[in-house]
Amino acid sequence: MRENASTPRMKDDTEKIFSYCIHCAALCGVVAHVRDGYLIKVEGDPNALNNAGTLCPKALAAKQEVYHPGRLKFPMKRTKPKGDADPGWTRISWDQALDTIAARMKEIKAQYGPESFFLQKGSTGGSAGAEWYGFFNRLANLYGSPNFGGTGHICCYSRSCPGLPLHLGNKRLHPSIDYEKTNLIFLVGYNILHTEPPLARKIFDAQQRGAKLIVVDPLLSPTAAKADIWLAPRPGTDLALFLALHHVIIHEDLYDADFLSSWTNAPFLVREDSGLFLSGDGAPYMVWDSEHGAPCPADPWVPPHVRPALTGSYVVSGVACRPAWQLFSDLAGRCSPEWAQEITWVPADEIRRVARLYATTKPASTDWYNGIHRSSNAFYTAVALALLPIVTGNWDLPGALAFESDPPFNDVKGTRYLNKDWIHKSLVAAAGFKVRAHNQEYVGPMNLVADAILTGKPYPIRGMLSLASGLGTSNPNSKRMMEALRQLEFLAMGDIWQTPAMEMADLILPCATPWESEFVNYNAPYLMYRQPIVKPQHEAWPDLKIVFELAKRLGYAKEFWDGDIKKAFNYMLEPFQVTADELAASPRGIRHAPPQPRYRRYAAREEKNGKPKGVATPTGRLEIYSERLKSLGYDPLPYWREPEPGPFSTPELFREFPLILSSGFKPMHWLHGQLRAVPWLRECQEEPFVWINRRTALKLGVQDGEEVLVETPRRDGTVQGHARLKAMLTEAVHPQVIYIPYGWWQGCDSLGLNDYGNLDGSANVNNLYDDSFTDPVSGTIGMVSYPCRVRRE
Amino acid sequence: MARYGLAIDLSRCTGCYACIIACKSENSTLPGVFWIRIDEKEQGEHPKVARSYTPLLCMQCGEVPCAQACPSEAISKGEGGIIFIDEERCICDAVKPCIAACPFEVLMANKGRLSYFPDYLTPHEKQAYEAHRHAVVEKCTLCHHRITAGLLPACVQTCPSQAMIFGDLDEPQGDLAQLVSRGEAKPLREDLKADPSVFYLQRLAAP
């Protein structure tokens, strides 16, 4: 039957438009049914390789998003001062709106310098997905501001934005796992069955053929509920768990010594005096050749007859040194399963069982997402996790952890327009995030922007253009963000809906939904021009058009292809030797074979010298020990550190606020803070909630469905904020943990549900966080192990 | 004669609601009316806790308990063993005996609001919503209009987990009939002996 569905027979005059959904990064192929210019329904495209005719709730509900009466309809300007209860929004034309934005951008640049203007973007799937960000970045670069960015620090920083370039050399590459080949799936903080809907069937197929699914998540997420083994650590302690897994793998000799010797920097000798690598004989690194009992230079490769020692202690030319692996083993050696059990609440036996299963099942795959990017120890947590596939040799093989690059479109970001000096003047670099600066990741955590606005340090931010972003709810410490936005000299915001932060805006712009915008992309097996399925409602514009029209007004028409979006698409498409018009003439898209995955790319030989290509890390090998981190002033190894705040790092806060607040996972039908106004989706989950363990609720006297207040402290112990939420009693969380989903601010008129606001008494969990507990490497904010108390009103 | 049915692999259901929204989109059911829903259950104590998701829809029972309860003969078995409700004959006022007679609670009467955005409908939405008469009982028809056009029911087509297997129980070699005859797929409530066309299975061992 499923095959029959690929040749739908329609008897009426419905036009079928082939497209893809950009509500998340998965890009599912869709067939949109349009009649008389109206969208009738959206279905999965059976010919799309990614989703094979399936489709998730977000795209299925497209019609109610497009034809929602509550959308922003016209550009509007404020006519009353900020702080006035009524902003006096007055309808203006797009010309007036864009002329105003361009004029203010020019003024601010002339008066304070271009870095004083922040260009802010939302998450993937905002008003028109992530596709147009490259052009927005281009605008920022031409304008001269290195301050462009969003929420990567609390989302995917150590996975793919940028990834772990110092350890894995995977800058801006996405993990890509062949689920048809893998025999073990190890997922951490990643509700993959809901957040990557097209992978759900592949993962179940893998389980059906015998692959084991292991999920690490403090919550019984829908994915954890399907796991063969679910490990539920205390929130923010995953790092201790991973170190204990390494402990077992090393202690029981389950690591891949050949792989470590050949392809990682595990055998490199580390000087005991400096913690830096020993160099010598004109080579940047040295190993100890255990075959000949002598040091041997590594460039970073060594001749085939050399057998590099992984363990031991050596003296070379009077310098005491040890192989990096020895140092890592020493660290892991201190982290026994019993030690980890105390910290993580995960039984030592379970840790042993998982370590053995993981290390002895080949190929094993490993992946992680934003569950681990919400803790003050996030960076090293990701490092310790990423070393598991390396240590066990489950790296860049079919069914193991592998990485893929984006399709080879020409890049439009125009980084060359930005003076290189500005990278170091970016807020991130100026605030001391040396690794981020080193990686040229100048995209900033938004709390730095709030700091810069409110304190003028490291320099003031005076103006902002924000597109497709719920600034008032999408970042920790919403209160502070709102206060910062109030202080801006100029704020323009574009979105589909009127969001809480727009209270502080001078101008608001109505943006098109994904279904009303255009772009070009590769959606296997088709290269496609994604035409607007229907014309934008009211006076909404696609974000891409806003960027192009603004660029023209700022004098960048030439660099923006004379303001012609089609020409820009043609530039992107050059590597495919096809034009946007040619693609548009083929409504199905042009078939283009998906790139064949290439594995063991590190082992391929350079043509010029026959040496392995290696990986794009500082040493050219996968890095167990990061000398670069050491020289930038950070720990070279993933030492255990408690999450901050946390019951052990800030016990004083837990005396008054004894429960642990965690937030993160979201179900499939929501995308971050979006879509709550869509009644079909909202009927499935009408109200925001707090998960409270049944036994804890009993002690608190809280009934299921009862409204409760959740309060949290600032760093100094005074109250940061409170949320009002319906209690959902569950055993999905530990008795000491409560869980609040993020992204709740919007009402749903159709169902009689009002907006919640975003500050005290609202449902916005991000109002409950002091944003000063940060990861010194990534800038990630401590959000999973936050002190709180729950009371009945 | 065909007898259309489903087998739902509960080990694949993640409770994502895609089936519910696909049904809404396909059938334009009224606000608050669902022809398919998901029953979510939690068992055990943290961390030894499990959660199950069970999609529930009209089981197209051969014994048709709802029809037996209907005083006006509005409910009948039609093509492919699908149970249909004739809206002209669905005339009970407040109390709907068919709803009470269904052991799976999957029949619902249209009530309340007649569309989601009453003042803001496309012409096609208006037409689609007007097809649902107030106070009439409705339920899943296995997307009869789709299967007669050679398509899968909307919920089956869209399920990201591919948890639902559609087929003809009268085709002995088909996947569905095979799963049923091997005893792998079973009625949700065997004790009721309702002769349903919808079956459930658990292909993967429960964790």
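Novice: Now, about the overall build of chain B: what can you tell me, with residues and values included?
Specialist: Along chain B, the regular secondary structure elements total 7 helices and 9 strands. In terms of overall size, chain B behaves like a compact globule, its C-alpha atoms giving a radius of gyration of 17 Å where 207 residues would be expected to give roughly 17 Å. In chain B, buried positions account for 57% of the 207 residues. Look at the contacts in chain B between residues 6 or more apart in sequence, and 62% of them connect residues 24 or more apart. Put simply, chain B shows about 9,000 Å² of open surface, and 52% of that area lies on carbon and sulfur atoms. For chain B, the distance from the average position of its 21 positive side-chain charges to the average position of its 26 negative side-chain charges is 4 Å.

Novice: Tell me about the interface of chain A and chain B, and name the residues and values.
Specialist: Across the boundary between the two partners, chain A contributes 62 residues, which contact 55 residues of chain B. In this assembly, chain A packs against chain B so that about 5,200 Å² is buried in total across both faces, 57% of it on carbon and sulfur atoms. Of the charged contacts in the structure, one is a salt bridge between Lys41 of chain A and Glu26 of chain B, with a shortest N-O distance of 2.8 Å. For the interface between chain A and chain B, the tally reads 25 residue pairs in polar contact (both at pLDDT 80 or more).

Novice: Describe the sheet that holds strand β3 (residues 38-44) of chain A, listing the residues and the values that go with them.
Specialist: Residue and element names in this part refer to chain A. If you walk across this open sheet you meet the 3 strands as β1-β2-β3, and the pairing is antiparallel. Of all strands in the sheet, those with a lone pairing partner are β1 (15-20) and β3, marking the two edges. Averaged over neighbouring strand pairs, the angle between their axes works out to 30 degrees when direction is ignored. As paired strands, β1 and strand β2 (residues 29-35) are joined by 6 bridges and run antiparallel to one another. Within the sheet, the bridge partner assigned to Glu15 lies in β2 and is Val34.

Novice: Account for unusual backbone geometry, with residues named and values stated.
Specialist: The omega torsion across Lys457 of chain A and Pro458 of chain A is -5 degrees, close enough to zero to call that bond cis. On the secondary structure map, Pro458 of chain A appears in the loop between α16 (446-455) and β19 (463-467). The residue Glu105 of chain B is not glycine, and still its phi comes out positive at about 55 degrees. By the secondary structure assignment, Glu105 of chain B is in the loop between α3 (97-101) and β6 (108-109). Take Glu105 of chain B: its relative accessible area is 56%, and that puts it in the exposed class. Residues other than glycine seldom take positive phi values, yet Ala135 of chain B does so here, at roughly 75 degrees.

Novice: Give me the lowdown on the packing of helix α4 (residues 133-143) of chain A against helix α18 (residues 543-553) of chain A, citing residues and values where you can.
Specialist: All names here are of chain A. Contact pair α4 / α18: the axes reach a minimum separation of 9 Å and the direction vectors enclose 20 degrees. Accordingly, the angle class assigned to the pair α4 and α18 is roughly parallel. Relative to α18, α4 is oriented so that their crossing is left-handed. Contact residues: Phe135, Phe136 and Leu139 in α4; Leu544, Val547, Phe548, Leu550 and Ala551 in α18.

Novice: Just give me the short version of the sheet that holds strand β10 (residues 212-216) of chain A, but keep the residues and values in it.
Specialist: Residues and elements named next belong to chain A. Taking strand neighbours across the sheet as the criterion, the 4 strands line up as β11-β10-β9-β17 in an open arrangement whose pairing is parallel. A single partner strand is all that each edge strand has here, and the edge strands are β11 (229-231) and β17 (364-368). In this sheet, neighbouring strand axes are inclined to one another by 15 degrees on average, regardless of whether the strands run parallel or antiparallel. Relative to β10, strand β9 (residues 184-188) runs parallel, the two sharing 5 bridges. The residue bridging Phe186 from the neighbouring strand is Ile214, located in β10. The sheet contacts of helix α12 (residues 378-391) involve β9 and β17, and relative to β17 the element is tilted by about 165 degrees.

Novice: Please give an account of α4 of chain A that cites residues and values.
Specialist: Residue and element names in this part refer to chain A. Of all 11 residues in α4, 11 are buried, a share of seventy percent or more. Burial in α4 covers these residues: Tyr133, Gly134, Phe135, Phe136, Asn137, Arg138, Leu139, Ala140, Asn141, Leu142 and Tyr143. Looking one or two residues past α4, Gly144 carries a phi angle of roughly 105 degrees, positive in sign.

Novice: Outline the packing of aromatic side chains, listing residues and values.
Specialist: Residue and element names in this part refer to chain A. Counted according to the given criterion, the structure contains 38 aromatic pairs over all chains. The interplanar angle of 65 degrees and the centroid separation of 5.2 Å between the aromatic rings of Phe519 and Phe569 together place this pair among those described as edge-to-face. Of this pair, Phe519 sits in strand β22 (residues 519-523) while Phe569 sits in helix α19 (residues 565-573); the two residues are 50 residues apart in sequence, bridging distant segments of the chain. Sitting over the ring of Tyr143, Lys109 keeps its end group 5.1 Å from the ring centre.

Novice: Any chance you could break down the nonpolar core for me, citing the residues and the numbers?
Specialist: Residues and elements named next belong to chain A. Residues Leu39, Phe186, Trp325 and Ile738 are the most contacted members of the largest nonpolar core, which totals 227 residues. The element that contributes the greatest number of residues to this core is α12, accounting for 11 residues. The residues contacting Phe186, other than those within four sequence positions of it, are Ile214, Val216, Phe242, Leu245, Val354, Tyr358, Ser365, Thr366, Asp367, Leu385 and Leu388. With 60 residues, the next largest nonpolar core counts Phe135, Met528, Leu544 and Ala580 among its residues.

Novice: I'd like a description of the packing of helix α7 (residues 238-251) of chain A against helix α10 (residues 337-344) of chain A, backed by residues and values.
Specialist: Residues and elements named next belong to chain A. Between α7 and α10, the least distance of the axes is 9 Å, while the angle of their chain directions is 165 degrees. Regarding the angle of α7 to α10, the classification is roughly antiparallel. Where α7 crosses over α10, the handedness of that crossing is left-handed. Of the residues in α10, those touching α7 at Ala240, Leu241, Leu243, Ala244, His247 and Val248 are Pro337, Trp339, Ala340, Ile343 and Thr344.

Novice: If you had to explain the environment of Met76 of chain A to someone new, which residues and values would you point to?
Specialist: Residue and element names in this part refer to chain A. Structurally, Met76 can be placed in strand β4 (residues 76-77). Residue classification places Met76 among the buried residues on the basis of a relative accessible area of 16%. Distance in space between the C-alpha atoms of Met76 and Ala110 is 26 Å, their sequence separation being 34 residues. Contact partners of Met76, with chain neighbours within four places excluded, come to Trp89, Thr90, Arg91, Ile92, Asp506, Leu507 and Ile508.

Novice: Just give me the short version of the domain arrangement of chain A, but keep the residues and values in it.
Specialist: All names here are of chain A. Its domain assignment divides chain A into domain 1 (76-154 + 412-519 + 536-578), domain 2 (174-405 + 620-624) and domain 3 (651-772). Its C-alpha centre places domain 1 at a distance of 29 Å from the equivalent point of domain 3. Contacts between the two partners involve 19 residues from domain 1 and, on the opposite side, 17 residues from domain 3. When the two sides are added together, the surface that domain 1 and domain 3 hide from each other amounts to roughly 1,500 Å², 52% of it contributed by carbon and sulfur. Joining domain 1 to domain 3, the criterion identifies 1 salt bridge.

Novice: Now, about the environment of Thr696 of chain A: what can you tell me, with residues and values included?
Specialist: Residues and elements named next belong to chain A. Here Thr696 shows up in helix α24 (residues 694-700). Taking the C-alpha atoms as reference points, Thr696 and Leu729, separated by 33 residues in sequence, lie 9.0 Å from one another. Excluding anything up to four places from it in sequence, Thr696 contacts Leu659 and Pro735.

Novice: Can you explain the pattern of salt bridges? Please cite residues and give values.
Specialist: On inspection of all chains with the given rule, the structure shows 57 salt bridges over all chains. Glu252 of chain A is the partner of Arg356 of chain A in a salt bridge, and the nearest nitrogen-oxygen pair spans 2.7 Å. You can see Arg356 of chain A sitting in helix α11 (residues 348-360) and its partner Glu252 of chain A sitting in the loop between α7 and α8 (257-263), a full 104 residues away along the chain. In this structure, Arg133 of chain B engages Glu88 of chain B in a salt bridge whose closest nitrogen and oxygen atoms are separated by 3.2 Å. Of this pair, Arg133 of chain B sits in the loop between α4 (123-130) and β7 (137-138) while Glu88 of chain B sits in the loop between β5 (83-85) and α3, placing them 45 residues apart in sequence. Classification of Arg133 of chain B as partly exposed rests on a relative accessible area of 33%. Given the relative accessible area of 54%, Glu88 of chain B is considered exposed. Several salt bridges converge on common partners, so that one network encompasses Asp95, Asp99, Glu549, Lys552 and Arg553 of chain A.

Reading guide: rules and limits
Residues numbered from 1 in each chain as written. Chains lettered and ligands numbered in written order. Predicted model: local features only at pLDDT ≥ 70, side-chain atom pairs only at ≥ 80, totals over all residues. Heavy atoms only, no water. Helix = DSSP H or I, 4+ residues; strand = E, 2+ residues; numbered from the N terminus. Rg over C-alpha atoms; globule rule 2.2 N^0.38 Å. Buried < 20%, exposed > 50% of the residue type's maximum accessible area, 1.4 Å probe, protein only. Contact = heavy atoms within 4.5 Å. Areas by Shrake-Rupley, 256 points an atom, 1.4 Å probe, with all protein chains shown as cover. Lys, Arg positive; Asp, Glu negative; His and termini not counted. Charge placed at Lys NZ, Arg CZ, Asp CG, Glu CD. Buried area = accessible area lost by both parts, 1.4 Å probe. Salt bridge = Lys/Arg side-chain N within 4 Å of Asp/Glu carboxyl O. Polar contact = N/O pair within 3.5 Å; in protein donor to acceptor, adjacent residues only side chain to side chain. Pairing = 2+ DSSP bridges. Axes fitted to C-alpha atoms, helices over the stretch in contact; angles between N-to-C directions. Parallel < 35°, antiparallel > 145°, perpendicular 65-115°, else oblique. Left-handed = near helix turned anticlockwise from the far one by under 90°. Phe/Tyr/Trp six-rings, centres within 6.5 Å; stacked < 30°, edge-to-face > 60°. Lys NZ or Arg CZ within 6 Å of the ring centre and 35° of its normal. Core = buried A, V, L, I, M, F, W, Y, C linked by side-chain atoms within 4.5 Å. Domains from an automatic or database assignment.

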